[in-house]
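# Commentary on secondary and tertiary structure
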Amino acid sequence: MAATDEDGSQPTIEHPLLAPDFLERRLYQLKLAGTAANHHTLVCLPTGLGKTTVSLLVTARRLDEVGGKSLMLAPTKPLVQQHADFYREALQISDEEIVVFTGDVSPDDRAELWDEATVVMATPQVIENDLVGSRLSLADVTHVTFDECHRATGDYAYNYIAERYHADAREPLVTGMSASPGGDEEAILEVCENLGLQEVEVMTEEDADVSEFTHDTDVEWERIDLPDEVLEIRDALNEVIKDRLEKLKELGVAKSTQPDQSQKDLNRMRAELQQLINNDQSEGFKGMSVHAEVMKLRQAVTLVETQSVEALRRYFDRQRNQARSSGASKASQRMVSDPRVREAMRNAENFDELHPKYRKARMLLAETLGLDGGDRVIVFTESRDTAEALTDFLSESFDAKRFVGQGDREGSDGMTQKQQQEVLDDFRAGEFEVLVSTSVAEEGLDVPEVDLVLFYEPVPTAIRSIQRKGRTGRQSEGRVVVLMAEDTRDEAYFWISRRREKEMESELRELKGMADEIEQELDAAQQSLAAFDTGAEVESNGGKSHDGNEYSSGNEGVSNQPGLQEFGSSHSESGTDVDGGPNDGADQDGEAVEDDGDVETPVPHAEGDAVEIVADQREMDANIARDLSRREEIEVRLETLDVGDYVCSDRVVVERKSVADFVDSLVGSDRSIFEQVGAMARHYSRPIVVVEGDGLYEQRDVHPNAVRGALSSLAVDFGASLLRTEDEADTTELLAVIAGREQELSDREVSVHGEKQSKTLAEQQEYVVSSIAEIGPVTARSLLEEFGTVEAVMIATEGELQEADGVGQVTAERIRDVIGSEYIG
């Protein structure tokens, strides 16, 4: 343990914004915080050794010396709440200034809370939506922490938030935190690039400053022999898999019929089948169904090999129920009807022995909690079925509770955030001794140190394995035990995990302190971040700031502050006045606007008078709203729109469809494109349908003339404009031009309720009739032409209604049902 003061107490950190005697003084945390206070830094520290404390120290420093507000992002609601609780204890600011943003807080409330908050704890999706919807500004945020930052890959919300933060904040500082940022150098560099990180600080349990706060935790593995009855169930299922793979081999997508194919090979098969479907080849649809069955069977094999027969029984029950349900997939029906699968189901039902993994788990818990006098144990498993069945089994001998995710599914209720918090609080308080958890407890949740971490099965990724092992050995010696079923996927996963962990540790050590090399690896787009704020000024001053201090590599864009090694000294000794520092006067408005010259283009509004586009929140699955929000001349507002996807003025609403979605809406959608455009036309005088992508006449088995007929009807019968775009980027440009022309050239306002316009008598009559059972304008005109008045339509019999063109028995029945049924409010 750390050295104590003369009176035997542990030394603590003193700072004007930190609660007295709250934080134990740990040199490694102060070193990490010192770097993170001066650079955009990736902080890598084993789970449980205080990454959050490092972020807290940097936040306190920035709030005290720079001001503004701090934002901390975490991927789950429980983790966000946990961070908020910790900050409220540690910081000497009022609890009301530390607010929590999750999807449970309404957008209007978030906008109001943001203005008053000093520290915001949030899930990334919420902040992303609020940024896109122009509900908040990052200009005054002086420190952002990305917790579990290894998630910053692909299209994850962290990436967009980081991009906006570097562009919008006046004095940005980014800290990324993870126990395991990636499996190789490329993955770690991707995280750095996406978050704009320029410095990597790594501490492991082997570092002297850290080792005094940890204990060795050796990983033990227990090999389990599966009984013959279990192996027979597995072998029967594998025979079915081989049979299905043979069919895929005949289609030319499978290279082997061995049931232990890698997931990579299975993904490749799926991609090739999808290509066949895209080419409108029937073999693709048939093969995709067989592939889905293979995946279901492989899941069954995984459960019986690595989990338990009880977990397999629960899985079979769900598959049987799915096969009986309406709209069941052919894959489900075919699987449960195969004689070999049915035999495996019967054998699973008849297996009444104790699974060997259950037996070993109970024995290890008895040793730890009984013979060794331990207090707490965590059991991790990949399967919720196993977590629930194992909790029931272990509860017969120990005080055990489950800890699973929030989502409900058939036969299994999830846990609410409140229930999760109560279970963790009880576990910390020693109210029960065994926590049986799925992966939900892996990332960052403050689960107390335990005497035993039991892996019910090996974890195939280094990230998750490291996070799980971090739960023991922090304060006292603990054990990590992995159960491995012999000659099963357990063994393969185990060795994969070991290899990846060694690779990650090696990569982290190579990257330690190598900011220069990281910058050279980042692509040109990330390199441009090195020039923001201080970059141009440093160059013009010969590499020096206003006060003449030289900048070290990786320090661009962050105030030239001393490290936190002196955090324990008084404010007057350690503080630095950053007013007038190198960030002042930075110009972030240097984007030139192209002018084609041949086409009349809107001139961007003056500052504070941006073009506004209202986007439907459900369109966030696409990148269009995000891309529009990046433009200074455009302000995006997110709403839940009644009609359309984008509102560009009080008369223009746009419905965006990919070519596949457009054809689906003609033949297989719950709500046809005609109903959607009809609703748009009732509220907006200029409805527009954008059809995005290529191959409009090559989708599904729809004849091209049917598609042309639909396009004609939308244009002629509904008065909709039909525009084609190549992709999302093209659609983005089109929306920007439409909104600019409407608002700047035509001086029109934006209204999510549409343009208030007077309708002719005929239009009003058509509107009334078309609203009956949502029959639409075309059928409404036919009925009015047949009967002459709205009143005559209303009193017509079912048979008389069918005399109108386009009205069949079903439509007539629906109309009469709406008109003639008693109103029940």
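Reference entry: report on the structure contained in this document. (Residues numbered from 1 in each chain as written. Predicted model: local features only at pLDDT ≥ 70, side-chain atom pairs only at ≥ 80, totals over all residues. Heavy atoms only, no water.)

### Examining the overall build of the protein chain
We count it as follows: In this description a helix means any DSSP run of H or I spanning at least four residues, a strand means any run of E spanning at least two, and both kinds are numbered starting from the N terminus. For every residue, the accessible area (1.4 Å probe, protein chains only) is compared with the maximum for its type, and the residue is labelled buried under 20%, exposed over 50%, or partly exposed between those bounds. Residue contacts are defined here by distance: any two heavy atoms, one from each residue, within 4.5 Å place the two residues in contact.
When you go through the protein chain residue by residue, the secondary structure sums to 33 helices and 19 strands. Buried residues in the protein chain amount to 52% of all 825 residues. Taking all contacts inside the protein chain whose residues are at least 6 apart in sequence as the whole, residues at least 24 apart take part in 73%.

### Quick look at the packing of helix 11 (residues 282-307) against helix 12 (residues 309-324)
Where we set the bar: Between N-to-C directions, angles span 0 to 180 degrees; the directions come from axes that are lines fitted to C-alpha atoms, helices contributing only their stretch in contact. Note on angle classes: values under 35 degrees are labelled roughly parallel, values over 145 roughly antiparallel, values of 65 to 115 roughly perpendicular, and the remainder oblique. What makes a crossing left-handed is the near helix being turned counterclockwise from the far one by less than a right angle; a clockwise turn instead makes it right-handed. Throughout, the ten residues Ala, Val, Leu, Ile, Met, Phe, Trp, Tyr, Cys and Pro are labelled nonpolar, Asp, Glu, Lys and Arg are labelled charged, and all others, Gly among them, are labelled polar.
Viewed as axis vectors pointing N to C, helix 11 and helix 12 meet at an angle of 160 degrees, and their least axial separation amounts to 8 Å. Our classification of the angle between helix 11 and helix 12 gives roughly antiparallel. Remark: the crossing between helix 11 and helix 12 carries left-handed chirality. On helix 12, the residues that touch K296, Q299, A300, L303, V304 and Q307 of helix 11 are A311, L312, Y315, F316, Q319 and Q322. Partitioned by chemical class, the residues of the contact of helix 11 with helix 12 number seven nonpolar, four polar and one charged.

### Brief notes about helix 7 (residues 185-195)
Since there are 3.6 residues in each turn of an α-helix, residues three or four apart along the chain are aligned in direction. This is how it is decided: Note that the arc is defined by the directions from the helix axis to the C-beta atoms.
For helix 7, the full list of buried residues reads I188, L189, V191, C192 and L195. Buried residues along helix 7 cover an arc of 155 degrees about the axis, so they all sit on one side. Within two residues after helix 7, G196 carries a phi angle of roughly 75 degrees, on the positive side.

### Thoughts on the nonpolar core
In globular proteins that are soluble, nonpolar side chains generally tend to be buried together. Put simply, the rule reads: Definition used in this section: a nonpolar core is a set of buried Ala, Val, Leu, Ile, Met, Phe, Trp, Tyr and Cys residues joined via side-chain atoms within 4.5 Å.
One finds L71, L73, W114, I127, F146 and L195 to be the most contacted residues of the largest nonpolar core, which totals 56 residues. Per-element tally for this core: the top contributor is helix 6 (residues 157-168), with five residues. Other than its neighbours up to four places away in sequence, F146 contacts L73, Y158, I161, A162, V174, T175, G176, M177 and L195. Core analysis: the second largest hydrophobic core is formed by 39 residues, V377, A389, V404 and L424 among them.

### Examining the pairing of strand 14 (residues 611-616)
Short version of the rule: A pair of strands is treated as paired once DSSP finds two or more bridges between them. Crossover handedness is defined here as right-handed if the route from the first strand over the helix to the second strand goes clockwise, with the strands pointing away from the viewer.
Within strand 14, six of the six residues are buried, which leaves the element mostly enclosed by the surrounding structure. Here strand 14 shows no split at all, with V611, I613 and A615 on one side and E612, V614 and D616 on the other all buried. In the sheet, strand 14 pairs with strand 15 (residues 634-639) via six bridges, with the strands oriented parallel. Bridge pairing in strand 15 places V611 opposite I634. As for the winding sense of the linkage, the β-α-β connection from strand 14 through helix 24 (residues 624-629) to strand 15 is right-handed. Sheet topology places strand 14 next to strand 16 (residues 646-647); two bridges connect them, and they run antiparallel. Its bridge partner lying in strand 16, V614 is registered against V647.

### Comments concerning the pattern of salt bridges
For clarity, the threshold we go by: Salt bridges are identified by distance alone: a Lys or Arg side-chain nitrogen within 4 Å of an Asp or Glu carboxyl oxygen.
Applying the stated rule across the entire model yields 43 salt bridges. Across the salt bridge formed by E293 and R334, the nearest N and O atoms sit 2.7 Å from each other. Taken together, the residues span a long stretch of sequence, with E293 in helix 11 and R334 in helix 13 (residues 330-337) at a distance of 41 residues. Residues R748 and D650 are paired through a salt bridge, measuring 2.8 Å at the closest nitrogen-oxygen approach. Within this pair, whereas R748 is found in the loop between helix 28 (728-745) and helix 29 (761-770), its partner D650 is found in the loop between strand 16 and strand 17 (652-658), the two being separated by 98 residues in sequence.

### Re unusual backbone geometry
For residues other than glycine, phi is negative in most cases, and the peptide bonds are mostly trans. In this structure, S134 takes a positive phi of about 60 degrees despite not being glycine. By secondary structure assignment, the location of S134 is in the loop between helix 5 (124-132) and strand 5 (141-147). For S134, a relative accessible area of 34% gives the class partly exposed. Positive phi is not limited to glycine here, since E148 has a value of about 50 degrees.

### Notes on the sheet that holds strand 5
If you walk across this open sheet you meet the seven strands as 3-4-2-5-6-1-7, and the pairing is parallel. One side of each edge strand has no neighbouring strand; the edge strands of this open sheet are strand 3 (98-101) and strand 7 (199-202). Each neighbouring strand pair of the sheet contributes to a mean axis angle of 15 degrees, computed without reference to strand direction. Here strand 1 (residues 41-44) runs beside strand 7; their pairing, made up of four bridges, is parallel. Opposite V43, over in strand 7, you have E201 as the bridge partner. In this fold helix 4 (residues 107-116) packs onto strand 2 (69-73), strand 3, strand 4 (119-122) and strand 5, with an angle of close to 155 degrees to the strand it touches most, strand 3.

### Topic: the sheet that holds strand 11 (residues 434-437)
Ordered by their spatial adjacency, six strands build an open sheet running 8-13-12-9-11-10, and the pairing between neighbours is parallel. Sheet topology places strand 8 (219-224) and strand 10 (400-403) at the edges, where each strand pairs with a single neighbour. On average, each strand axis in the sheet is tilted by 20 degrees relative to the strand beside it, whichever way the strands run. When strand 12 (residues 452-455) meets strand 13 (residues 479-485), the two strands line up parallel, connected through four bridges. Residue pairing in the sheet places V453 in a bridge with V480 of strand 13.

### Re the state of the cysteines
As a reminder of what qualifies: The criterion for a disulfide is a pair of cysteine sulfur atoms lying within 2.5 Å.
Taken as a whole and assessed by the stated rule, the structure comprises zero disulfides. No disulfide involves C44; its sulfur sits 6.8 Å from that of C149, the nearest cysteine.

### Structural notes on the environment of L266
When you line up the elements, L266 lands in helix 10 (residues 263-278). By relative accessible area, which is 1% here, L266 ends up buried. Sequence spacing of L266 and H291 is 25 residues, and the spatial spacing of their C-alpha atoms is 8.2 Å. Those residues in contact with L266, other than ones at most four positions away along the chain, are Q261, H291, V294, M295 and R298.

### What to know about the pairing of strand 6 (residues 174-178)
Of all five residues in strand 6, five are buried, a share of seventy percent or more. Judged by which residues are buried, strand 6 turns out to be covered on both faces: V174, G176 and S178 on one side and T175 and M177 on the other are all buried. In this sheet, strand 6 lies alongside strand 1 in parallel orientation, the contact comprising four bridges. If you follow T41 over to strand 6, its bridge partner there is T175. Read from strand 5 through helix 6 to strand 6, the crossover connection turns out right-handed.

### So, the packing of aromatic side chains
For any two aromatic rings, the description comes down to two numbers: the centre-to-centre distance and the angle of the planes. Rule in force here: Here a pair means two rings of Phe, Tyr or Trp (six-membered ring of Trp) with centres within 6.5 Å. Their orientation is stacked below 30 degrees between planes, edge-to-face above 60, and tilted elsewhere.
If you walk through the whole model with that rule in mind, you get 11 aromatic pairs. Consider the rings of Y358 and F393, whose centres lie 5.0 Å apart with planes at 40 degrees: the pair is tilted. In this pair, Y358 sits in helix 15 (residues 356-371) while F393 sits in helix 16 (residues 384-394), placing the two residues 35 residues apart along the sequence. Residue classification places Y358 among the buried positions, given a relative accessible area of 7%.

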